Amino acid sequence: MLDEGHRRAARGTDVVVGAADCRGRPHTEALLDGLERLECPHGAFDLDTALRRRPGLLLVDDLARTNPAGHRNARRWQDVEELLEAGIDVLTTLDVQHLESLSDVVETITEVPAGDTVPDGVVRRADQIVLVDVDPEELRRRMAHGNIHAPEMVDAALASWFRPGNLTALRELALLWVADQVDDALRQYRADHGIGGIWEARERVVVGLTGGPEGDTLIRRAARIAARSAQGELSAVHVVRGDGLASGASSTALARQRHLVESLGGSYHTVVGEDVPTALLDFARAGNATQLILGTSRRGRLERFLTGRGIGETTVSRSGDIDVHMVTHERAGRGRPLPRRRTLPFSRRVAGPLAGVVLPVLLALLLDRFRGSLDLTGEALLLLMTVVGVACVGGVVSAFVAAVTASLLLDHRFMPPGAEFSFQDPDSLLVLVAFVGVAVAVAAIVDRSLRLARRAASATAEAETLSALAGSVVRGEHTVPDLLARTRETFAAHAAELVDRPVDDPSASQVALGDGRFLVLRGRTLPAADRRVLTAFAAHLMAAVERARLAEAAAEAETAKAADRMRTALLAAVSHDLRTPLAAGWAAVASLRSPDVDFTAEERDELLATADESMARLSRLVENLLDMSRLQAGALALDLRPTAWEEVVPAALDGLPGTAGRQVAFRGLEESPLVLADPPLLERVVANLIANAARHSPPGQPVLLAASTLAGRVELRVVDRGPGLSPADRERVFEPFQRLGDTDNTTGVGLGLALARGLTEAMGGTLTPEDTPGGGLTMVVTLPCASSLRQGAPVRAEP
């Protein structure tokens, strides 16, 4: 980041360093020379100062950091967003473990909580993402040479966070995450520039599913092909078409195949298309697929001869630069379990009229050889059956040709006088009219049934598409980006977006959403049937936009509701807990001022002690309430500096009521390094935790304070041997104004642990509960480690 700042400054850019945590690294600190640094109060990044300065480029280190209490925004990435909205370019840094989507994976690998995180969407909106990739062994050498941590922390770091396995896994996560962002950028570039060709940057395998039983075989074969390539991707696509081919697909089989694809790490998609090969190839090109897997035809040889090329052969002929694999399966050539196409292909439209001439002639020649075995009625019926057959196969035109041909042959060959065409006889005219009428009627009925079947199939296809859309919403794909992505995939478009005004693009398909927005599909013009389905997608998108608006309003209402609950709890608690010490102190002072009673010296001392203790309790209560209100308002001022435990623990023990401060044991505090903290606030944290532990510890069991160092952070454990907490109560115990499990409700308003966690997090640390081995509860305070070991006398306290 600092190197880039120097390069930009050399080119004339107004570069200012807003925040840079060098952590005592001399080589890094040297890079600050020559760069203007933002003067910020308290040494922390100050957003208002940066906004007033308005540099051309602001360098802000550690995007994931939590801001100190009192800052306008809770997180530094929110500061960066505000800077961007003000027109200030920002260059920032981020560790891979702080990405929200990877934090749980990192914790599993390293066994160390990731801490602060940044939403992935914030990082994805960056104009440029640069991966600083370092070989794990090189990073460990840098650590061993003292270029990362102080020398006394090197051994612990190399044995924990900087293990070779950890670094290799983190490196792989970073490479994969950045590769995904590069892939998104490449897809957007291809869509913006109308690039339809395949760029083989990564192996992407698409498998076409019909809903037939062979789908499982195709999916597994496609998964093996994808697995042979590093970072290969697997997608399955089912085409829903309006002419009925997909209407017989088994929904049960498709659901099972969807589960199989997702279990193999792939994605399942449903697209709409009148022509299956075109829809498959459009989807593959839109996803920059390199290979397409299809099953061999289930049709037999005779059916292939009569109906022409199938989907697989057509797809291969149109595939261009996409490799198409035809995979054989057990159903190949055994007949088609799905319905046949309901429209006449070109081959049948050509073969029909030809059959209308050839078949009657062949039948006439055959009957002529066996003349005398059938009478005229039988011969006429056979010719009529031939006409009906041609009408069923070839349509109205073929039926008319066959009817005329058959009637002429019947008149010429079988009706007297024979050997000539003559329609002077009324019987001959009747035969011609009957043949033509029957043929046309049969062809019209067949054509009507085909049209009705097509309408039903189209409705079924639309229903299947809408069902898939509803299923995606049920599975949680209900956000606007999810629905836009599904819309683009379903209609095989290059891009799908929401715009505020109609676009002037004749090739784009757009639908009004009703609130001044429009859903726009770019890449191909949709037919009318697909536009009806697109309208349904637009309705779901409109609902998603409205849900997002309502969710935002509900979040605001929940915040106000939480604040109201807090005020109610505060009033209920304060009404009792402020009154108790106030009444006790008032009674003691009133007794001392009474002229009617002559107190001894011991009695006066006891009353004065009662008044003093009551006022001290009242003072602590008011301080807790004020600190909690400052935390919630974000107005708590911090003075973070290297702090030693002997600066904090004795003062914390002195401020404890009764004998709690004398029931504490220590371990490891002398060897513990300095922590980065605000000493008065850390004192309050330690005092509250010790007081809570002492209240629950059995008599004679001291509270243990133990310190240790791990991965650049110091952990202070406050251990008690009390009853402990159930897992369900471990977060509830930090809620303000409750006394979970306390039997004595006169000792405070239930702010101790809530305030301790709030103050710890304000200082950049964490407070988490753990089970004490052997029984009890351990509170773990984790704070950043300062750059050098703490120096000074060890902590002394009476056991």
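Residues numbered from 1 in each chain as written. Predicted model: local features only at pLDDT ≥ 70, side-chain atom pairs only at ≥ 80, totals over all residues. Heavy atoms only, no water.

Draft legend 1. Looking closely at the pattern of salt bridges. Applying the stated criterion to the full structure yields 20 salt bridges. R318 is the partner of D275 in a salt bridge, and the nearest nitrogen-oxygen pair spans 2.7 Å. In this pair, D275 sits in the loop between β7 (267-272) and α12 (276-286) while R318 sits in helix α14 (residues 311-318), placing the two residues 43 residues apart along the sequence. The class of D275 is partly exposed, set by a relative accessible area of 30%. Three or more residues joined by partner-sharing salt bridges are found here, namely E4, R7 and R8. (Salt bridge = Lys/Arg side-chain N within 4 Å of Asp/Glu carboxyl O. Helix = DSSP H or I, 4+ residues; strand = E, 2+ residues; numbered from the N terminus. Buried < 20%, exposed > 50% of the residue type's maximum accessible area, 1.4 Å probe, protein only.)

Draft legend 2. Highlighting helix α5 (residues 103-110). For α5, the complete set of buried residues consists of S103, V106 and T110. Down the axis of α5, the smallest arc covering the buried residues is 60°, so these residues share one side. E111 occupies a position one or two residues after α5 and carries a positive phi of about 60°. (Arc of directions from axis to C-beta.)

Draft legend 3. Spatial organisation of the packing of helix α10 (residues 215-227) against helix α11 (residues 251-263). Closest axis-to-axis distance for the α10/α11 pair is 10 Å, and the angle between their directions is 15°. Comparing the axis directions of α10 and α11 gives the class roughly parallel. Remark: the crossing between α10 and α11 carries right-handed chirality. Only R256, Q257, L260 and V261 of α11 make contact with α10, whose side of the interface consists of G215, D216, I219 and R220. Per-class residue counts for the contact of α10 with α11 are three nonpolar, two polar and three charged. (Axes fitted to C-alpha atoms, helices over the stretch in contact; angles between N-to-C directions. Parallel < 35°, antiparallel > 145°, perpendicular 65-115°, else oblique. Left-handed = near helix turned anticlockwise from the far one by under 90°. Contact = heavy atoms within 4.5 Å. Nonpolar A, V, L, I, M, F, W, Y, C, P; charged D, E, K, R; others polar.)

Draft legend 4. Examining the environment of L618 more closely. Mapped onto the secondary structure, L618 falls in helix α21 (residues 601-633). Judged by relative accessible area, which is 15%, L618 ranks as buried. Taking the C-alpha atoms as reference, L618 lies 9.3 Å from G585; in sequence the two are 33 residues apart.

Draft legend 5. Focus on the sheet that holds strand β1 (residues 15-19). Within the open sheet, the four strands sit side by side as β2-β1-β3-β4. Their pairing is parallel. At either margin of the open sheet sits one strand with a lone partner, and together these are β2 (36-37) and β4 (89-92). One ladder, built from two bridges, connects β1 with β2; its direction is parallel. For V17, the partnering residue across the bridge sits in β2 and is R37. In the packing of helix α1 (residues 2-10) onto the sheet, contacts are made with β1, β3 (57-60) and β4, and the angle to β1 comes to roughly 155°. (Pairing = 2+ DSSP bridges.)

Draft legend 6. A look at the environment of A86. Inspection of the secondary structure puts A86 in the loop between α4 (76-85) and β4. For A86, a relative accessible area of 24% gives the class partly exposed. Sequence-wise, A86 and R54 are 32 residues apart; in three dimensions their C-alpha atoms are separated by 8.6 Å. Among residues more than four places away in sequence, those in contact with A86 are L51 and R54.

Draft legend 7. Just unusual backbone geometry, in detail. In the Ramachandran plot, R54 falls in the positive-phi region, its phi being about 50° despite a non-glycine side chain. Judged by relative accessible area, R54 falls into the partly exposed class, the value being 45%. Positive phi values are uncommon outside glycine, yet D62 reaches one of about 60°. Along the polypeptide, D62 turns up in the loop between β3 and α4.

Draft legend 8. Representation of the packing of α12 against α14 in the model. Put simply, α12 and α14 touch, their axes get as near as 9 Å, and they point 45° apart. Our classification of the angle between α12 and α14 gives oblique. In the packing of α12 onto α14, the handedness of the crossing is right-handed. Between α12 and α14, the residues in contact are V276, P277, T278, L280, L281 and R285 and I311, T314, T315 and R318, respectively. Partitioning the contact of α12 with α14 into residue classes produces five nonpolar, three polar and two charged.

Draft legend 9. Spotlight on the confidence of the model for the chain. Mean pLDDT over the chain works out to 75, with 72% of the residues at or above the 70 mark. Counting contacts from residues 243-247, a segment whose pLDDT is below 50, to residues more than four positions away or on other chains yields 22 contacts. Predicted confidence for residues 335-342 stays below pLDDT 50, and this span has 24 contacts to residues more than four positions away or in other chains. (pLDDT = per-residue confidence, 0-100.)

Draft legend 10. Focus on the sheet that holds strand β9 (residues 323-327). Pairing is parallel in the open sheet, where five strands are placed in the order β7-β6-β5-β8-β9. In this open sheet, the two edge strands, each paired with only one partner strand, are β7 and β9. Adjacent strand axes in the sheet meet at a mean angle of 25° when their direction is disregarded. Packing against the sheet, α14 makes contact with β8 (291-295) and β9, and its axis sits at approximately 160° to β9.

Draft legend 11. Focus on the environment of V433. Within the secondary structure, V433 is located in helix α17 (residues 426-474). Using a relative accessible area of 60% as the deciding quantity, one classes V433 as exposed.

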